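The chain contents come next:
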Amino acid sequence: MDHFRYIDGALHAEGVPLVALADEVGTPAYVYSTATLSRHYQVFREALQAQGPALGRSLIAFAVKANSNLSVLATLGRLGAGADTVSEGEIRRALAAGIPADRIIFSGVGKTDAELAFALETGVRQINVESGPELERLERIAEAVGIRPDIAIRVNPGVGAGGHAKITTGGGGDKFGVPVEEALSLYARAAANGRVRPVGLACHIGSQILDLAPLRDAFGVLADMTRRLRADVHSVRVLDLGGGLGVPYEPGLTPPDPATYAAMVGKAMAGLDVDTVFEPGRLLVANAGVLLARVIHVNVRPDGRRFLVLDAAMNDLMRPALYDAFHPLLPVTDEGRAEGLYDVVGPVCETGDTFARDRLLPELRAGDLVAFKGAGAYGAAMASEYNSRPLVPEVLVDGDRFAVVRPRPDYAAMLERETVAPWLAD
Ligand SMILES: Cc1ncc(COP(=O)(O)O)c(C=O)c1O
Ligand SMILES: N[C@@H](CCCC[NH3+])C(=O)O
């Protein structure tokens, strides 16, 4: 069930009318549904459980980059989720949200020495090493800190996939992970050096994946590598299978459902006797969030083109500008008005600040509220203050209650973070 739905012609987030939220918080604002977050987590969890022992003990480590709001993390953490993190900031957020260190995975192409030391001291569950130079640095830091961490080698299986070239990560030419043969020798080297404990392999081949075939191929590569490493008497007890499952942003998109995905994984892992880690991001949060915005005005050109100018902009939701991504746009009040075509834009001074071109929408007027759907993933997490627009606030809804979990900063707070160089101060 969609927890963002019309009740008596008014769009609600669970039991809360979005009109009431806009009155309370102002616009633009992100609104998240606890019920959707919980349902998505549970559906994924149950799909994995249905595979029985084939997946060993499995950890769902939510990819914090998709939505790093503390309340979203706490909601998932309470359900048992871990966290897949890519920076010290994300590790700190996961911990602050109550996710214990032994459920935190530390991934990323360019972890600094300071971040690696922080991860070691925090006692994260596993560090996913992405290159030879990183392994060398980690070994040196681990020795200095006096901790022998569990690591996985992130493999670049040479199989890329994803909804856009900018979010494909598993292809041979992409910066992520270690090619197969090199990964095997890194594993052996790490085991021989004894300063880190190689426990397994990881891969993540891209995001917004709609087809299981490339995932199946990549997991097949990991399974073969596991057999080869074991033949050389290495221990391989964990396979981290990354995230990447797509969501149906628009009609006609049919991503694999979690049960079908889990069945494919179950087959790929059968007989390997490994524990598994999953790093879903978008799958858990995309449809758990909307971006609420207000129409500033409608600008009608002499040629009839109509610009729907919103108070939300590309700095609040970057996906359309960056990836030409589609997000459904709903009027918050459904009054059955006649439909027309609009170019939906924000106030930022770039033509790229366009959410949609020629979008068929019910007639909208200045002051009307609208909501972008599918905005819970890579929405607020990628927002900026471009054009000195304050960071967009976030609201968590749970049934009939809601909380403003990240308030809109006021302009004074925005300015207080900076100083003018002393020689310019008077
Ligand atoms: C290593 C890693 N794990 C997990 C994810 C989460 O991806 P998604 O949001 O597509 O599930 C990403 C981002 O694509 C990633 O880079
Ligand atoms: N930011 C991308 C996804 C990136 C995935 C990160 N590994 C998006 O909005 O679709």
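Residues numbered from 1 in each chain as written. Chains lettered and ligands numbered in written order. Predicted model: local features only at pLDDT ≥ 70, side-chain atom pairs only at ≥ 80, totals over all residues.

Labelled according to an unreviewed UniProt entry, the chain appears under the name Diaminopimelate decarboxylase, originating from Brevundimonas halotolerans. Quoted verbatim from the Function (unreviewed entry) heading of the UniProt record, the comment on the chain is "Specifically catalyzes the decarboxylation of meso-diaminopimelate (meso-DAP) to L-lysine." In its Cofactor (unreviewed entry) section, the UniProt entry covering the chain states "pyridoxal 5'-phosphate". (UniProt positions renumbered as here; feature names shortened; annotations may be inferred.)

## Re the UniProt feature "binding site: pyridoxal 5'-phosphate" (unreviewed entry) in the chain
The sites that carry the UniProt feature "binding site: pyridoxal 5'-phosphate" (unreviewed entry) are, in the present numbering, Gly 244, Glu 279, Pro 280, Gly 281, Arg 282 and Tyr 378. Looking at where Glu 279 falls in the secondary structure, it is placed in the loop between β13 (275-278) and α10 (282-285). If we skip the residues at most four places from it in the chain, Glu 279 touches Ala 61, Ala 63, Asp 84, Ile 105, His 204, Asp 240, Gly 242 and Gly 243. Look past the residues within four positions of Tyr 378 in its chain and what remains in contact with it is Ala 66 and Arg 319. (Helix = DSSP H or I, 4+ residues; strand = E, 2+ residues; numbered from the N terminus. Contact = placed C-beta atoms within 7 Å.)

## Considering the environment of Arg 148
Mapped onto the elements of the fold, Arg 148 is located in the loop between α6 (132-145) and β9 (150-156). You can call Arg 148 partly exposed: it has 14 C-beta atoms within 10 Å. It is 11 Å that separates the C-alpha atoms of Arg 148 and Gln 126, two residues lying 22 residues apart in sequence. The residues touching Arg 148, leaving out its near neighbours within four places in the chain, are Ala 142, Arg 195, Val 196 and Arg 197. (Buried ≥ 20, exposed ≤ 12 C-beta atoms within 10 Å, placed from the backbone.)

## Things to note about helix α7 (residues 180-193)
The end-to-end C-alpha distance of α7 is 20 Å, a good match for the 20 Å that 14 residues give at a rise of 1.5 Å each. Those residues of α7 that fall on the buried side of the exposure criterion are Ala 183, Leu 186, Tyr 187 and Ala 190. Relative to the axis of α7, the buried residues are bounded by an arc of 105° and lie together on one face. Of the exposed residues in α7, the ones pointing more than 90 degrees away from its buried face are Glu 181, Ser 185 and Ala 192. Turning to α7, the residues buried within the fold contact α6, β9, β10 (178-179), β11 (197-202) and α8 (212-231). One or two steps after α7, the chain reaches Gly 194, where phi turns positive at roughly 75°. (Expected span 1.5 Å × (residues − 1). Arc of directions from axis to C-beta.)

## Considering α6
The periodicity of an α-helix, 3.6 residues per turn, causes residues three or four places apart in sequence to face the same way. Helix length check: α6 (14 residues) gives 20 Å between terminal C-alpha atoms against 20 Å at 1.5 Å per residue, within 8%. Residues Glu 134, Leu 135, Leu 138, Glu 139, Ile 141 and Ala 142 constitute the buried set of α6. Next to the buried residues of α6 lie α5 (113-122), β8 (126-129) and α7. In the stretch just after α6, Gly 146 is the one whose phi turns positive, near 80°.

## Points about the nonpolar core
Membership of the largest hydrophobic core comes to 123 residues, with the highest contact counts inside it found for Val 31, Val 155, Leu 201, Leu 291, Leu 292 and Val 395. In terms of residues, this core owes the most to one element, α8, which gives seven residues. Both domain 1 (4-32 + 286-416) and domain 2 (34-281) contribute no fewer than three residues apiece to this core. (Core = buried A, V, L, I, M, F, W, Y, C linked by C-beta atoms within 7 Å. Domains from an automatic or database assignment.)

## Quick notes on the site of ligand 2
Close to ligand 2 lie Lys 65, Ile 167, Ser 207, Gln 208, Arg 319, Tyr 323 and Tyr 378. Two domains each provide a minimum of three residues to the shell around ligand 2, namely domain 1 (4-32 + 286-416) and domain 2 (34-281). (Near = placed C-beta within 6 Å.)

## Structural notes on the domain arrangement of the chain
Domain assignment breaks the chain into domain 1 (4-32 + 286-416) and domain 2 (34-281). A C-alpha centroid distance of 32 Å is found between domain 1 and domain 2. Taken residue by residue, the interface counts 23 residues in domain 1 and 20 residues in domain 2. Going through the elements one at a time, α11 (319-323), β20 (394-398) and β21 (401-406) are the ones with two or more residues in the side of domain 1 that touches domain 2. The dominant element in the side of domain 1 that touches domain 2, judged by the number of residues it contributes, is β20, at four residues.

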